[in-house]
Amino acid sequence: MTSPSSLHLAVCDYPEHVPRDRWEAYARQQKELGLSFVRIAEFAWSRMEPREGQFEWSWLDDAVNVLHEAGLGVVLCTPTATPPAWLIRQHPEILPYDEFGRVRAFGSRRHYDFASPVYRAHSRRITRALAERYGQHPGLVGWQTDNEFGCHGTARSFGGASAAAFPAWLEKKYGTLDALNEAWGNVFWSMEYTAWEQIGPPNLTVTEANPSHVLDYARFCSDMIVEFQEQQVAILRELSPGRFVTHNFMIFESGFDHYRVSACLDFPTWDNYPTGMLEHFGKWVGEDLKTYYARTGHPDAIAFNHDLYRGLMRRPFWVMEQQCGQVNWAPYNPLPADGAVSLWTTQAWAHGADCVSYFRWRAATMAQEVLHSGLLRHDETPDRGFFEVERLKREDLVLGDVPAKVALLHDYESLWVLDQQPHGGPAYWEQTSSYYTALRSLGIDVEIVHPDAHLSRFALVVAPSLTMISDARLEKLRGDAAGRAFVFGPRTAFRTASGRAHENGQFGNFKTFFGARVLNFESLRPGLTIKAGGHEVTTWAEGYEPLEGAEVLAHYEGGPLEGAAAAVRHGQVVTIGANSTGLVWETLYRLAGELGLNPTPLPPGIRVSRRGGRTLVQNWNPERVTFEGRELGPVSWTLV
Amino acid sequence: MTSPSSLHLAVCDYPEHVPRDRWEAYARQQKELGLSFVRIAEFAWSRMEPREGQFEWSWLDDAVNVLHEAGLGVVLCTPTATPPAWLIRQHPEILPYDEFGRVRAFGSRRHYDFASPVYRAHSRRITRALAERYGQHPGLVGWQTDNEFGCHGTARSFGGASAAAFPAWLEKKYGTLDALNEAWGNVFWSMEYTAWEQIGPPNLTVTEANPSHVLDYARFCSDMIVEFQEQQVAILRELSPGRFVTHNFMIFESGFDHYRVSACLDFPTWDNYPTGMLEHFGKWVGEDLKTYYARTGHPDAIAFNHDLYRGLMRRPFWVMEQQCGQVNWAPYNPLPADGAVSLWTTQAWAHGADCVSYFRWRAATMAQEVLHSGLLRHDETPDRGFFEVERLKREDLVLGDVPAKVALLHDYESLWVLDQQPHGGPAYWEQTSSYYTALRSLGIDVEIVHPDAHLSRFALVVAPSLTMISDARLEKLRGDAAGRAFVFGPRTAFRTASGRAHENGQFGNFKTFFGARVLNFESLRPGLTIKAGGHEVTTWAEGYEPLEGAEVLAHYEGGPLEGAAAAVRHGQVVTIGANSTGLVWETLYRLAGELGLNPTPLPPGIRVSRRGGRTLVQNWNPERVTFEGRELGPVSWTLV
Amino acid sequence: MTSPSSLHLAVCDYPEHVPRDRWEAYARQQKELGLSFVRIAEFAWSRMEPREGQFEWSWLDDAVNVLHEAGLGVVLCTPTATPPAWLIRQHPEILPYDEFGRVRAFGSRRHYDFASPVYRAHSRRITRALAERYGQHPGLVGWQTDNEFGCHGTARSFGGASAAAFPAWLEKKYGTLDALNEAWGNVFWSMEYTAWEQIGPPNLTVTEANPSHVLDYARFCSDMIVEFQEQQVAILRELSPGRFVTHNFMIFESGFDHYRVSACLDFPTWDNYPTGMLEHFGKWVGEDLKTYYARTGHPDAIAFNHDLYRGLMRRPFWVMEQQCGQVNWAPYNPLPADGAVSLWTTQAWAHGADCVSYFRWRAATMAQEVLHSGLLRHDETPDRGFFEVERLKREDLVLGDVPAKVALLHDYESLWVLDQQPHGGPAYWEQTSSYYTALRSLGIDVEIVHPDAHLSRFALVVAPSLTMISDARLEKLRGDAAGRAFVFGPRTAFRTASGRAHENGQFGNFKTFFGARVLNFESLRPGLTIKAGGHEVTTWAEGYEPLEGAEVLAHYEGGPLEGAAAAVRHGQVVTIGANSTGLVWETLYRLAGELGLNPTPLPPGIRVSRRGGRTLVQNWNPERVTFEGRELGPVSWTLV
Ligand SMILES: [Zn+2]
Ligand SMILES: [Zn+2]
Ligand SMILES: [Zn+2]
């Protein structure tokens, strides 16, 4: 892959979906549009290998060559998201099970269990065949493994191959059943095991399963994905040197540990569908805001994913699939606003993307996505997004560093534990996003990183939902805290590594670090609110007692927590126990000011991002806004 | 059957539910009430054949004779909606599967798979035995096959006999797997099949199944019903000449193609439960209207079904089951208003019914329907409906032609395709009903017919949801358009016969016919609205570009479709792309006026219908209304 | 057990959850807090018998001895709510089936089928082993069988052992299939059986199952619980003479007949979680009231359960588990108000509790309930509830009689029948509670008793939902009516013992007793209301025709029931057919006044209860209230 100096544009295309006589014209048109790369062959296993061992490469040879000859770089995909019918009928044991114990059938995609030894063998086989043929093709720039791991709730299978592999994974981890029983607290309801093979997936239990059981099943399933992908990547590394290997991750996907799954890649990519995201994933966004942002998506929800994938491997990323018209899979699928494609593309650039690849070239005339748009309409005429891309190719969006001074800590284990027992409080993404939105509304650039990452470049570290803090992690954070400020959120340091509560209560052995002990936590029904430092508190409240040397930033008013601390500060460590947009915003505003981060309250819908020495100002409002003396049209951006 | 000259009244009765000593008295009372026919033996298999091959006819002999001797005509039913316990336990393979893969158990009704060869043999056997015994009884006027095909989601079984029969049906249709794979677009996600037996029902897939797969499964299941019923009808024709054969269809039932299923009948009947219909089926009716019409049902929802069943075979129909008091199966089951039974009966007459048969004689004192009313109460005293029927028998509702000049085109394949991928837009029945309601609110009589029907008698043809238009169908419609005006709705001509999109986009090869090409379609979340010609647009919007010679009737205002055409007119062909009550109403009003159809805006709740030279004016409001100088009491009617 | 003269306090503890070195300190602290008893070993089977036949008693010996030596009485539990893993893997046939036909898996609790002969044998085995070892221990005061029968929907299993045992239970009950078919009305949809083994559980039917089938399955499952528990109790009686045997029943649990299940016990206990109850069970409580009472629970919902369990065996009861901080299992889990633990404890006393046992000593640091509070926090510091208990130990709450003069009739068979076919009307608990709340808001003490109980001590008997009235029951009630007034509610006497409707309609043979016949019943959708005696009627309305000698207390106004009687009085028997809070309140107020019961309308949130000659006045409002010249602080009580 070349080292580009400005943002690349690309497209996802499916030559097998259209007659052969279209290919040259499409390639020419793609090149003229200013695109650099084309991703192909994503789901094409049944065309590569129509019957077991009978490979048909000629069409794909053609497709790769046509693109290469047009001057386009090719990204190839391993087609393992869609095992063909002949394979499934021969080996139905590949199929995954849903949480209700039902086999998930052939007939769409992702119908496989990551733990299946049979499927892994076939996955390696098709990957090797593909890599042998195209691995050193001069037009090939890189590889995408599979497609959107975890999509449609497929990160976990609750039976079959996964159920069979789980006990051995546990035995390897714990060594003895005594250790496992103690780690999970199985004495609680006589859930103690006396043989490894007694342990199944944590589904279909009479009432909720042990959260420690659930947590280890999540880790196990995540590890199965790691192994599955690593087997493909090893083959690609061997047979296709010099090409990048990536995977296209999903918006807010929570089913596996992305840090571990991405470890074997060159860089991550993700699939950005802003309007579908808002309707489908934005469960914490109110109906009014959903309507307001229906045609652009919510700026912070999108930016959050950008900053998440830039922070995942701490390097630039790609948007592998970028919505460029209406989607088909959300409850409602409005047309994007005029300018939205441009807004999304420049936003991606500003948050660290090196390439934005539109999905898809031509709208599909068949099957599940027939109502999804592309750059071309069904009738091959250029659609609205096409013209926006055409204008974009004239912009020079130079690559460079995103100068974030604020880190937001995120890990999937805290997510799993918190969402398994929300206790009526906000879900993990909601709680985490609320801190992110506060920072972004202050004009602050953020990088989302793992809690165990190096934090030396940051002046402020925000950890909204870090419920899993082991002794080792805390020691590391304690070191980081020497040089920078920290803000923690509710439910911090409640759990041990196996998902139990600390024997000495929340904050465990780290009360002196936080400068407080926890008195009580509670969840509030809609309509039942209290106050903290004058701000409204909804859904969740933790009351603290400050320890010596700690300062109370806000007290609770009203309710049984009256008078208890809602936020405490101990040196440079701030902990906020209340779910309160106002308190979070005010605390971050003051602290960022104190740290010289120049927080700047932005008008609603205005967002500012920096990259490579330039500043992108975007207006996400459907109306004209004047900002710092500048007139910004509806759904528009400017570089300053 | 006699050729009646005025509306017949009838009743559904279950002699096996009451002691033998009641039968003569009931028959006498039924005759005195002015009833002509009694439908019996609907679910009585376990009494006809208590054990396999051991028939018990004496009770049914009695029942038929008692009615005949009282001067009542008898309608007998094949009892196949309720296979008895001994048959199911002997052949559990008769049982159907639900979409979640579970066997649907014995213990209520409709527990059979239409494709089961075993069940078909038993169905023929009991039909033959029944027809042999009663086929030529002088009291017998006709037959009802089974009961309410498709009720309780039984049109489709997702396993067992249906799953086994599906591949052969496909092979017969497509000949080769290549043809099937191409028709379904199976290349899309490597869904291509290499053996017929690889193909299963389209359920339990990881994400949505291929809509073409779903479409063919719907056709297959519909065909199984056609075959199942045809086998019964052939036997009845052979053994019971001169008697009619019908089936009692369900309100808004969507699981099979009624045109094909009714083809072997003499005329159709349907089961009319206005209050239950509103609560249970009226998903598109707002809560306020549901409350307003809670005691009568919505006039247009009922009339729609009348016009649907009159148009089904283009001949008069029966209401085989007419609600005459509160029902038991809706979420709420209020008492009908005073006058409602009379309103429903006269409405049925005006829309082409030759007979209205009340359900049921006496309220059941047992089992699932113990909370359902009848003409008699549980205690055998006449209930409220009884007295309304008594007054009705004095009316002379002369039969005759319904002089509809407007056809509404409807087909089940468009319904299946549209509802499988609604994309956030209105469901098929909602979209179709909105055009129907507009016409009825203009005082216009409508006939609902198949798109391939002869349209010569109509001045205006409205096709609200005709998404399936093949080249052949369009050619036929083009011919029809020579002599009459057409109005098409959103999503017209989007799909090919196998459910793909046309390769050249919406309208396929027929852009010159419609005078437009489609620019974009989108769906709008609640709260996100745009305008078209000054009218509010909700849920769905298609933007058009007019071709030469076409006139734009309305432009979009607001949103990305700003300035695009929302409705175009090309000669006598109008196409409306916006889901807009106001725009539809205005367009139909103007066009009907232009065509001399004398559209007359009616006050809310007032409806006008014509039959045999007379005009029925009905007030469905719970309040008195003055209309054209006439005082109409609440829930009342008058013939003019 | 000693015969206490004032309220005992107790606690639930789980020594196996904490290190051995804590036990003495905990016991000392419990004694100092004023507790009398400690319940232990509830779920400890895997610690008592880690492998089949290998018992480990030493830890439990210690635990019992430590408590005994500290002067605390011990309540032991049979641990059968949690069969251990080794037992389930050896005998998976123990597992129950849910209503969707799925096996409910190991991994939480209550994973057994009450009808399983294998499990019953193991249940007897562990009970015997436990009773042999501790049955005569001087520290042992009593036994709790299992835990919360029916919790998590486990009263009924729909397959496996229960399915296998059902036919024999039916054969024993009915003798012949003819009798069963007649009792159930199986002729209705040819559901007649010709062999016992054809009859399965009433689940997975195509549409609703026969309600008589459902009713007998409920009875059968309830009988399985009776048998299961009786086998344990017989062993405890044999091996542990002089100790009480009880079971801890659940809030509003409906899955079995508590009268039959409690018959073999000494007294009942129940588990009182006021805030969780309001969120989870209070389906009929509006959102506003839920928010208002979020931190105390609804006073009448709690009191209802107290009066239910006092009336169950007509003797004092225990609260075996009393919430003393936030719970973890409701959608929202707020902190209780300051004073709530005290309010709950005194309320329990006033309604007849002899002991209140808090759940639990220390908050669990593991597994499913890690977010549930205890008297101690996770970190072993005293939590908010601890301090309330400390103050309570100084109160002298002398035991004595609850002088209720009003009985409320309740039976589980009416509950099952009514909730199986609600017909849009209120659910059983809602309807029943509305009468209870009316009485409590008039300051009247109530005892909830079985309809066949002796009623001689009562001046007024209220039967809000007695739909099951056999001839024998009515004769008995007729005798009772000689000496006292009766108030019946809607749907009274509609059903026969097998769940059919009476052949002569509602009220069956008892029209002269009620002084009315039923004209019609109907259900009203939200927004559709009528009036009765000037009061609003929602959801349900029955219209009556008074017979000679009866007085109409209220007529309907509006709707088809206009002019019909909504409430009639025949001598001392009043029947109210309308679901109308106002009409019920007014009728009870007048009648109670006439009967000299001194009804006193109380302000909202104020409740008055009497026991042993003293009167408890409670303020459940979160605000200060002046009542009868007395200032009552928020969430407070006083004894007068
Ligand atoms: Zn993709
Ligand atoms: Zn019927
Ligand atoms: Zn318990």
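- Naming follows an unreviewed UniProt entry, where chain A appears as Beta-galactosidase of Deinococcus yavapaiensis KR-236.
- Entered under Sequence similarities (unreviewed entry) in the UniProt record, the comment concerning chain A runs "Belongs to the glycosyl hydrolase 42 family."
- According to the UniProt record, the Catalytic activity (unreviewed entry) comment for chain A reads "Hydrolysis of terminal non-reducing beta-D-galactose residues in beta-D-galactosides."

### Overview of the relation of the copies chain B and chain A
In step 1: With an RMSD of 0.0 Å, the operation that places chain B on chain A is a rotation of 120° combined with a shift of 0.0 Å along the axis. Within this description, the copies of the chain are treated as partners about a three-fold rotation axis.

### A closer look at the domain arrangement of chain A
All names here are of chain A.
In step 1: Looking at chain A, the domain boundaries give domain 1 (8-154 + 244-392), domain 2 (406-594) and domain 3 (607-639).
In step 2: Distance between the C-alpha centres of domain 1 and domain 3: 29 Å.
In step 3: Contacts between domain 1 and domain 3 engage 24 residues on the former and 16 residues on the latter.
In step 4: Summed over both sides, the interface of domain 1 with domain 3 buries roughly 1,500 Å², with 61% coming from carbon and sulfur.
In step 5: Of all residues in domain 1, the largest losses of buried area upon contact with domain 3 belong to Y292, L343 and W349, amounting jointly to 40% of the total for that side.
In step 6: Across the domain 1-domain 3 interface, the total number found is 2 salt bridges.

### Let's talk about the interface of chain A and chain C
In step 1: Chain A puts 49 residues into the contact, and the matching count from chain C is 58 residues.
In step 2: Approximately 4,800 Å² of surface area, both sides summed, lies buried where chain A meets chain C, with 55% of it carried by carbon and sulfur atoms.
In step 3: Between the two partners, chain A and chain C, sit 6 salt bridges.
In step 4: Where R525(A) meets E279(C), a salt bridge forms, and the shortest distance between an N and an O atom there is 2.4 Å.
In step 5: At the junction of chain A and chain C, the tally comes to 28 residue pairs in polar contact (both at pLDDT 80 or more).
In step 6: If one sorts the elements of the side of chain A that touches chain C by residue count, strand β13 (residues 516-523) of chain A sits on top with 7 residues.

Reading the values: rules and limits
Residues numbered from 1 in each chain as written. Chains lettered and ligands numbered in written order. Predicted model: local features only at pLDDT ≥ 70, side-chain atom pairs only at ≥ 80, totals over all residues. Heavy atoms only, no water. UniProt positions renumbered as here; feature names shortened; annotations may be inferred. Least-squares fit on C-alpha atoms with pLDDT ≥ 70 in both. Domains from an automatic or database assignment. Contact = heavy atoms within 4.5 Å. Buried area = accessible area lost by both parts, 1.4 Å probe. Salt bridge = Lys/Arg side-chain N within 4 Å of Asp/Glu carboxyl O. Polar contact = N/O pair within 3.5 Å; in protein donor to acceptor, adjacent residues only side chain to side chain. Helix = DSSP H or I, 4+ residues; strand = E, 2+ residues; numbered from the N terminus.

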